[in-house]
Amino acid sequence: MESRIVIPNVAPEAYQALMNLEKYISTTSLTSIHKELIKIRASQINGCAYCINMHTADARKHGISEQRIYLISAWREADYYTEEEKAILALTEEVTLISNHVSEEVYQNAAKLFDEKYLAETILAIITINSWNRLAITTGMRAV
């Protein structure tokens, strides 16, 4: 692949703004497991090998088992996720595939399980990883 633009070099202020959003996500009340499930599932949907590689390694560091990592893409058919994790994975899928909109059912299920602050932090975490996926894919970042 030909060399592509390096955003931090060309638009450092914009890149720093995205980094600041990531730093905010790291200070939220979201559990580390919820954050990693969001990051892995969105990255799978977007086909971002760089982010999948990074966040599956991070998931292991946070104690997520290999089996749960392997089954994230088929979470509906697996009995390895809590009701809260399933709600987060469903919301992650619908926000990531936003052109299909976020259904009332998925949104209300998450709203029933989480308070407003946790739900807001979840939505912001989903939006943030989608931004990172798009940056990595567009600029040709590779998993190593």
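Basis of the calculations
Residues numbered from 1 in each chain as written. Predicted model: local features only at pLDDT ≥ 70, side-chain atom pairs only at ≥ 80, totals over all residues. Heavy atoms only, no water. Helix = DSSP H or I, 4+ residues; strand = E, 2+ residues; numbered from the N terminus. Expected span 1.5 Å × (residues − 1). Buried < 20%, exposed > 50% of the residue type's maximum accessible area, 1.4 Å probe, protein only. Contact = heavy atoms within 4.5 Å. Core = buried A, V, L, I, M, F, W, Y, C linked by side-chain atoms within 4.5 Å.

- As annotated in an unreviewed UniProt entry, the protein chain carries the name Carboxymuconolactone decarboxylase family protein and comes from Flavobacterium branchiicola.

## A few points about helix α6 (residues 83–96)
- Here α6 is 14 residues long and its end C-alpha atoms lie 20 Å apart, about the 20 Å a rise of 1.5 Å per residue gives.
- Across the 14 residues of α6, ten count as buried, placing the element largely inside the fold.
- On its buried face, α6 is in contact with α3 (32–46), α5 (66–70), α7 (104–113) and α8 (116–138).

## Structural notes on the nonpolar core
- With 33 residues, the main nonpolar core has I38, I72, Y81, L89, L91, F114 and I129 as its most contacted residues.
- Counting residues per element, the ones that place at least two in this core are α2 (12–27), α3, α4 (49–61), α6, α7 and α8.
- Take this core: its biggest share by element is eight residues, from α8.
- Leaving out residues up to four positions away in the same chain, L91 has contacts with V102, V106, A110, L119, T122, I123 and I126.

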